[in-house]
Amino acid sequence: MYCVKKITDDLTWVGANDRRLAMFEGVYSVPDGVSYNSYLLNDEKTVLFDTVDKAVRERFLENVAFALGGRTLDYIVVQHVEPDHSAALRDLTLAYPDIKIICSDKTLAMLEQFFDFDVRSRAQIVKEGDTFNTGAHELNFIMAPMVHWPEVMVTYDSKSKILFSADAFGSFGALNGALFADEVDYERDYMDEARRYYANIVGKYGTQTEALLDKASGVEINMICPLHGFVWRRDLNNIIAKYRLWSSYVPEEYGVMIVYASVYGNTENAAEILACKLRDKGIRTSMFDVSVTPASNIVSQAFRWSHIVFASTTYNAGIFVSMEALINDLTAHNFQNRTVAIIENGSWAPTSGNLIREKMESCKNINILDSDISLRSSLKAQQLNNIERMVDSIMGSLPNSAKPAAQPAPDNAANAIDPGTMFKLTYGLFVLTAKDGEKDNGCIINTVTQITSNPLRISFAAIQANYTHDMIMKTGEFNVSILSESAPFSTFQRFGFQSGRDVDKFAGYALNARTNNGIRYIPENVNAVISGKVIDSYDYGSHTIFVADVTQAITLSAEKSVTYQYYFDNIKPKPQPQKEEKKGYICKICGYVYEGEPLPDDYICPICKHGAADFEKL
Ligand code: FEO
């Protein structure tokens, strides 16, 4: 029985999921399955974009037949020859004998390598920049060599502004009934798998991926349809921004990933002590035992973190086998642009450290810290200073913005008002949080000001349409978390681009930090938090100005507060250049576009609820 999903009136997903596959490409475990996406365009001409893996061929053929609704299939666009996307090509030629194959000349040559039927006589060769009119749609072909194979091409439909992106923007993980990324908690449930997919499948080819991103940035894209994983129709910048980082090998986060290989637990012990000492300094850490965690997960995490510590025992006079395999895997994926530290162990002739160093020296732009630690069987008390030295060395290699000042212990912070907190108030960006019963919520605000110092009072403005505003009107209590320059765009998306009336804004937010009033605050990428009790409020139409007594104020880090200007210059992804001139207004806060002229004075952004004053002309 067919199982399809409608994307638009004339575009249908006809792919299928596979949850039985143990190892994707024979290498990568896929515990949550994988989807093979194929898309059918039912225009004047019927056009299919790629096929699927042989494992799901039968369902796919049923899907295509159903989605065609009795019509024949005129064309298939082969964007990528890899058999997980082309395995059903022969079946299509049997089911639809007049089908034409739109592909590049490289693709044709590869198809002839994989298949024995006459591909050539059906081929309609396209090259970079060629277009193909299907009726109401115009397909533009863009070559994307080495994203993942040399023949890869993507297709841009300039009428519907849909990018069929081949392997780019894909993910491991079956679709589980949803098709669009905005139907799931992508950040929480799928971003790790998207990163693992990118890092392992395409990660070696950062330059080529950047070239594709550059080409794609020249056109307006409303939707991205990849060959694996979810279709993107909203917040495309979420995934595009990640691809910009991954493809340029820029770490997503400052922090230390410690990977260790330990036969009897002694190297692991040193790694654990290092992790504890780093955490004591407020540095984020993650740890993996290379003998347990699949290499693909660690390679993926290496694309995330800025610092990697390799801790390996010596084995057969070399690097421990699973550590050596991991490092080879990393170097094969173009590991670069990271800071590295090394711990070796060996009971009679430790050699793993120098060998790891040699491998790292062969990688591009790796800063190898000069704080190597060499253990003889186990870490001894007199070597703890070596661990301290490594911690200092790591701290010294981090930018100031990534060094959180030690947070006050909760007991010391209880009821405390740190007056220095007030100096962190700027015309910046804040997360305003409130609690009503069991419901936690928060939103982004931009005006918090100290009014008096004795008693300590602040004022802030909140949009009346915001749910957090209503909660504060009801409860009279709130927290203001002062965002710092390290705040990622995802924080603004989480608290600013959706409504707490529709979603749980804290869903998937692991850190459940609360001040004395029981209200959550944001403990990461924030330099201070202020709790308050409302004593007055003033209705200014779209906004309410609240005046409140400060009941608690805690400094969390020495990092600079983010200003509005800094947010626009460094955090908010840049809008893609528009090729065609479009009339309307764009919301400066969330990027929502109002199409029309003029913008009504009382217009409220349907996404972030900001008013007309926060829109600018396109
Ligand atoms: Fe899923 Fe490179 O193919």
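Residues numbered from 1 in each chain as written. Predicted model: local features only at pLDDT ≥ 70, side-chain atom pairs only at ≥ 80, totals over all residues. Heavy atoms only, no water.

K.L.:
An account of the packing of aromatic side chains is requested, with residue identities and associated values reported.
P.N.:
Tallied over the entire structure, the rule returns 31 aromatic pairs. The rings of Phe169, Tyr198, Tyr243, Trp246, Tyr249 and Phe303 are connected pair by pair, giving a single aromatic cluster. The ring of phenylalanine 180 has arginine 233 sitting right over it, with the charged end atom 3.8 Å from the ring centre. (Phe/Tyr/Trp six-rings, centres within 6.5 Å; stacked < 30°, edge-to-face > 60°. Lys NZ or Arg CZ within 6 Å of the ring centre and 35° of its normal.)

K.L.:
Residue-level account of the sheet that holds strand β14 (residues 153-157), with values.
P.N.:
An order of β12-β13-β14-β15-β16 is seen for the five strands of this open sheet, with the pairing classed as mixed. The open sheet has two edge strands, β12 (131-133) and β16 (223-226), and neither has a second partner. Sheet twist, expressed as the average angle between the axes of neighbouring strands with direction ignored, equals 20°. Pairing of β12 with strand β13 (residues 138-143), which is carried by three bridges, proceeds in the antiparallel orientation. Bridge pairing in β13 links threonine 131 to asparagine 140. (Pairing = 2+ DSSP bridges. Helix = DSSP H or I, 4+ residues; strand = E, 2+ residues; numbered from the N terminus. Axes fitted to C-alpha atoms, helices over the stretch in contact; angles between N-to-C directions.)

K.L.:
Account for the pairing of strand β1 (residues 5-8), with residues named and values stated.
P.N.:
Sheet analysis places β1 next to strand β2 (residues 11-13), joined by three bridges and oriented antiparallel. If you follow threonine 8 over to β2, its bridge partner there is leucine 11. Connecting β1 to the next strand, β2, in antiparallel fashion are two residues.

K.L.:
Would you mind going over empty space enclosed by the protein in detail, with residue names and values included?
P.N.:
Sizing a probe to match a water molecule and rolling it over the atoms shows the empty space that remains. If you walk through the whole model with that rule in mind, you get three cavities of 30 Å³ or more. Taken as a whole, the largest cavity spans an internal volume of roughly 130 Å³. Lining the largest cavity are 19 residues, and of these Cys443, Asn466, Gln498, Lys505 and Cys608 sit closest to its centre. Put simply, the parts of the chain that give the lining of the largest cavity at least two residues each are β25 (439-445), α15 (467-475) and α16 (489-496). Lining the second largest cavity, in full, are Leu429, Ile444, Phe492, Gly496, Phe497, Tyr564, Tyr567, Lys588 and Ile589. For the lining of the second largest cavity, the secondary structure elements donating two or more residues are α16 and α17 (564-571). A breakdown of the residues in the lining of the second largest cavity according to their chemical character gives seven nonpolar, one polar and one charged. (1 Å grid on protein atoms, 1.4 Å probe; cavity = no way out; pocket = protein on both sides within 12 Å on 5 of 7 lines; lining within 4 Å. Points joined across faces, edges and corners; volume = space filled by probe spheres on them. Nonpolar A, V, L, I, M, F, W, Y, C, P; charged D, E, K, R; others polar.)

K.L.:
Describe the layout of surface pockets, naming the residues involved and giving the relevant values.
P.N.:
The calculated volume of the second largest pocket comes to roughly 330 Å³. Lining the second largest pocket we find 18 residues, and of these Thr313, Thr314, Gly346, Ser347 and Trp348 sit closest to its centre. Those elements giving two or more residues to the lining of the second largest pocket turn out to be α9 (266-280) and β19 (305-315). Per-element tally for the lining of the second largest pocket: the top contributor is β19, with three residues.

K.L.:
Can you break down unusual backbone geometry residue by residue, with the values?
P.N.:
In this chain, asparagine 454 is followed by proline 455 through a cis amide linkage whose omega measures 5°. The topology assignment puts proline 455 in the loop between β26 (448-453) and β27 (456-463). A cis amide bond links glutamate 597 to the next residue, proline 598, at an omega of 0°. Phi at methionine 146 takes a positive value of approximately 70°, unusual for a residue other than glycine. Topologically, methionine 146 is positioned in the loop between β13 and β14. Phi at asparagine 334 is positive, roughly 65°, even though this residue is not glycine. Structurally, the position occupied by asparagine 334 is in the loop between α11 (321-332) and β21 (336-345).

K.L.:
Go over the side chain of histidine 137, please, and point to the residues and values.
P.N.:
Tracing the sequence through the fold places histidine 137 in the loop between β12 and β13. By relative accessible area, histidine 137 is classed as buried at 7%. Within the structure, the side chain of histidine 137 is placed 2.6 Å from the side chain of aspartate 10, a separation counted as a polar contact. If sequence neighbours within four positions are ignored, histidine 137 has contacts with Asp10, Leu41, Asp43, Phe132, Asp157, Lys159 and Ser160. (Buried < 20%, exposed > 50% of the residue type's maximum accessible area, 1.4 Å probe, protein only. Polar contact = N/O pair within 3.5 Å; in protein donor to acceptor, adjacent residues only side chain to side chain. Contact = heavy atoms within 4.5 Å.)

K.L.:
Hey, could you go over the sheet that holds β25 for me, with residue numbers and the actual values?
P.N.:
Taken in spatial order, the seven strands line up as β25-β24-β28-β31-β32-β27-β26 in an open sheet, and their pairing is antiparallel. In this open sheet, the two strands that pair with only one neighbour each are β25 and β26. Neighbouring strand axes in the sheet, compared pairwise and without regard to direction, differ in orientation by 35° on average. For β27 and strand β32 (residues 543-555), the ladder comprises seven bridges, and the chain directions are antiparallel. When the bridges of β32 are listed, alanine 462 appears paired with threonine 544.

K.L.:
Outline a nonpolar patch on the surface, listing residues and values.
P.N.:
Nonpolar side chains collect at one region of the surface, where Val263, Tyr264, Tyr315 and Val321 lie side by side and expose about 460 Å² of accessible area between them. Along the chain, valine 263 falls in the loop between β17 (253-261) and α9. (Patch = residues over 30% accessible without salt bridge, like charges linked within 9 Å, V, L, I, M, F, W, Y side chains within 5 Å. Areas by Shrake-Rupley, 256 points an atom, 1.4 Å probe, with all protein chains shown as cover. Salt bridge = Lys/Arg side-chain N within 4 Å of Asp/Glu carboxyl O.)

K.L.:
Provide a residue-level description of helix α1 (residues 57-68), including the pertinent values.
P.N.:
Compared with the 16 Å implied by 1.5 Å per residue over 12 residues, the 16 Å span of α1 between its first and last C-alpha is a close match. Within α1, the full set of buried residues consists of Phe60, Asn63, Val64, Ala67 and Leu68. Seen end-on, α1 carries its buried residues on one side only, within an arc spanning 125°. Glycine 69 sits one or two residues past α1 and shows a positive phi near 60°. (Expected span 1.5 Å × (residues − 1). Arc of directions from axis to C-beta.)

K.L.:
Pulling in residues and values, what's your account of the packing of α11 against helix α12 (residues 352-361)?
P.N.:
The relative placement of two packed helices is expressed as an angle between their axes plus a distance between the axes. Axis separation between α11 and α12 bottoms out at 10 Å; the angle between their running directions is 10°. Taken as axis vectors, α11 and α12 run roughly parallel relative to one another. Residue-level contacts link Glu324, Ile327, Asn328 and Thr331 of α11 to Ile356, Lys359 and Met360 of α12. Looking at side-chain class alone, the contact of α11 with α12 contains three nonpolar, two polar and two charged residues. (Parallel < 35°, antiparallel > 145°, perpendicular 65-115°, else oblique.)

K.L.:
Any details on the packing of helix α6 (residues 191-202) against helix α10 (residues 295-302)? Residues and values, ideally.
P.N.:
Between α6 and α10, whose axes approach to 8 Å, the crossing angle comes to 95°. Our classification of the angle between α6 and α10 gives roughly perpendicular. On α10, the residues touching Asp192, Arg195, Arg196, Ala199 and Asn200 of α6 are Ser296, Asn297, Val299, Ser300 and Gln301. For the contact of α6 with α10, a count of residues per class yields two nonpolar, five polar and three charged.

K.L.:
A description of the confidence of the model for the protein should follow, citing residues and the corresponding values.
P.N.:
For the protein, per-residue confidence averages 92 on the pLDDT scale, and residues scoring 70 or more make up 96% of the total. Counted against residues more than four places away or in other chains, residues 405-412, with its pLDDT under 50, gives eight contacts. (pLDDT = per-residue confidence, 0-100.)

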